Amino acid sequence: STVGHVGGIAPTERIMASRFLGEKGYLITFQQIDPLWTLDLSNHKDPKVVGELEIPGFTSYLHPLGDDHLLGIGVGGDENGVNWATQISLFDVSDMAEPKRDHTLDLALEGGWAWSEAQWDHKAFQYWGPEKLLAIPVSTYNYDESGYSYISKLELVSVDPEAGLASYGSIDHSDFFNSDPDYYWSWRDVRRSIFMGDFVYAISDRGITVHAIDGLGTVNSETLPGNTGEYYWWW
């Protein structure tokens, strides 16, 4: 049964992301711009909107950084709407009535435009608090005189509420599958990652690699057989 309700906060818009942290809640809605709504949930029977922040683009996943900050992934934009470029955002919610976005970082690979599975699946979003590092898969196409090639990397981002967001480096899995032109495109992405001690693991359909966090040098690499079956449409 319904315990409490907040209604009428964003007519005609869709909820793109939400996060509930104790007595605080956060919503992202979207139509042409991206409002971040802060909610007071201290009375579950009477939740209230506390603040609102309107920014271009939209965020599709929110990750808490302590009590005062949120880390988000989505797409950028301007006053005319979204540009569909992958963007990382860092929000300051220390004042629930006046939320702010302090920092952004656009992620575009050699093709100039890129997407990330972390935009729609939180399992691809990996934040390691002790090192203040975010790892997300990012993919795109590239075209040169030799033709098209597919690029898939694990991008690492340094996250600091004071200093902001900065690229830490990347782990490239493109060579695992570009030698096979018939390899189905949707299986080529780096899918997952994990931090373990002093190492970060990048996992794609055709390989798994292990890298030292300090410098991202390759410690080990193993080729996987990958998906070798037929691709079926299920209706």
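Since the model is a prediction, treat every value here as computed from it, not as a measurement.

Q: An account of the pattern of salt bridges is needed here, citing residue identities and associated values.
A: On inspection of all chains with the given rule, the structure shows 6 salt bridges. Between Asp 46 and Lys 48 there is a salt bridge, with the nearest N and O atoms lying 2.9 Å from each other. For Asp 121, the salt bridge identified is with Lys 123, shortest N-O distance 4.0 Å. For Asp 121, a relative accessible area of 16% corresponds to the buried category.

Q: Residue-level account of the nonpolar core, with values.
A: Counting residues in hydrophobic clusters, the biggest one holds 21 residues, and the most contacted among them are Leu 71, Ile 88, Phe 125, Leu 134, Ile 136, Val 159 and Leu 165. Mapped by element, the contributors of at least two residues to this core are strand 5 (58-65), strand 6 (69-78), strand 7 (81-92), strand 10 (133-144) and strand 11 (147-160).

Q: A description of the pairing of strand 5 should follow, citing residues and the corresponding values.
A: A large share of strand 5 lies buried, amounting to 7 of its 8 residues. As defined by bridge partners, strand 5 adjoins strand 6 across 7 bridges and the pair is classed as antiparallel. Counted as the bridge partner of Leu 62 is Gly 72 from strand 6. Taking the residues between adjacent antiparallel strands as the criterion, strand 5 and strand 6 are bridged by 3 residues, where Gly 66 takes a positive phi near 70°.

Q: Account for the sheet that holds strand 8 (residues 100-106), naming residues and giving values.
A: The strand order 5-6-7-8 describes an open sheet built from 4 strands, whose pairing is antiparallel. One side of each edge strand has no neighbouring strand; the edge strands of this open sheet are strand 5 and strand 8. Each strand axis lies, on average, 30° off the axis of its neighbour in the sheet, ignoring direction. Note that strand 6 and strand 7 share 9 bridges and pair antiparallel. Note that in strand 7 the partner of His 69 across the bridge is Asp 92.

Q: Please give an account of the sheet that holds strand 11 that cites residues and values.
A: Sheet architecture is open: 4 strands sit in the order 9-10-11-12, paired in antiparallel fashion. Of all strands in the sheet, those with a lone pairing partner are strand 9 (126-128) and strand 12 (164-172), marking the two edges. Shown here is a sheet whose adjacent strand axes are inclined to one another by a mean of 35°, direction ignored. Both strand 10 and strand 11 contribute to a ladder of 12 bridges, which runs antiparallel.

Q: Outline unusual backbone geometry, listing residues and values.
A: What is expected of a backbone is that most residues other than glycine have negative phi and most peptide bonds are trans. Even without being glycine, Lys 132 reaches a positive phi, approximately 55°. Mapped onto the secondary structure, Lys 132 falls in the loop between strand 9 and strand 10. Even without being a glycine, Leu 216 presents a positive backbone phi close to 60°. The topology assignment puts Leu 216 in the loop between strand 15 (207-212) and strand 16 (218-223). Residue Leu 216 is classed as buried on the basis of its relative accessible area, which comes to 12%.

Q: Now, about the environment of Arg 192: what can you tell me, with residues and values included?
A: Position of Arg 192 relative to the elements: it lies in strand 13 (residues 190-196). Accessibility expressed as a relative area gives 23% for Arg 192, which makes it partly exposed. Taking the C-alpha atoms as reference, Arg 192 lies 9.8 Å from Asp 205; in sequence the two are 13 residues apart. Not counting residues within four places of it along the chain, the set of residues in contact with Arg 192 comprises Glu 117, Asp 121, Lys 123, Ala 124, Tyr 201, Ala 202 and Ile 203. Within the structure, Arg 192 has its side chain in polar contact with the side chain of Asp 121 (distance 3.2 Å).

Q: Go over the environment of Ser 116 with me, naming the residues and quoting the values.
A: Looking at the secondary structure, you find Ser 116 in the loop between strand 8 and strand 9. Given a relative accessible area of 0%, Ser 116 falls into the buried group. Remark: the alpha-carbon pair of Ser 116 and Ser 139, spanning 23 residues in sequence, is separated by 6.4 Å. Among all residues touching Ser 116, those that are not within four sequence positions of it are Ile 73, Thr 86, Ile 136, Pro 137 and Val 138. Within the local environment of Ser 116, its side chain forms a polar contact with the backbone nitrogen of Ala 118, the two atoms lying 3.1 Å apart.

Q: Mind laying out the packing of aromatic side chains, listing which residues take part and the relevant values?
A: According to the stated counting rule, one finds 5 aromatic pairs in the structure shown. Ring centres of Tyr 61 and Phe 125 lie 4.9 Å apart, and the angle between their planes is 65°; on these two criteria the pair is classed as edge-to-face. A residue pair is termed long-range when its members are at least 10 positions apart, and Tyr 61 in strand 5 and Phe 125 in the loop between strand 8 and strand 9 qualify at 64 residues. In this pair, the class of Tyr 61 matches that of Phe 125, namely buried. Judged by centre distance (6.1 Å) and plane angle (10°), the ring pair of Trp 128 and Phe 195 falls under stacked.

Each value, and the rule that gives it
Residues numbered from 1 in each chain as written. Predicted model: local features only at pLDDT ≥ 70, side-chain atom pairs only at ≥ 80, totals over all residues. Heavy atoms only, no water. Salt bridge = Lys/Arg side-chain N within 4 Å of Asp/Glu carboxyl O. Buried < 20%, exposed > 50% of the residue type's maximum accessible area, 1.4 Å probe, protein only. Core = buried A, V, L, I, M, F, W, Y, C linked by side-chain atoms within 4.5 Å. Helix = DSSP H or I, 4+ residues; strand = E, 2+ residues; numbered from the N terminus. Pairing = 2+ DSSP bridges. Axes fitted to C-alpha atoms, helices over the stretch in contact; angles between N-to-C directions. Contact = heavy atoms within 4.5 Å. Polar contact = N/O pair within 3.5 Å; in protein donor to acceptor, adjacent residues only side chain to side chain. Phe/Tyr/Trp six-rings, centres within 6.5 Å; stacked < 30°, edge-to-face > 60°.

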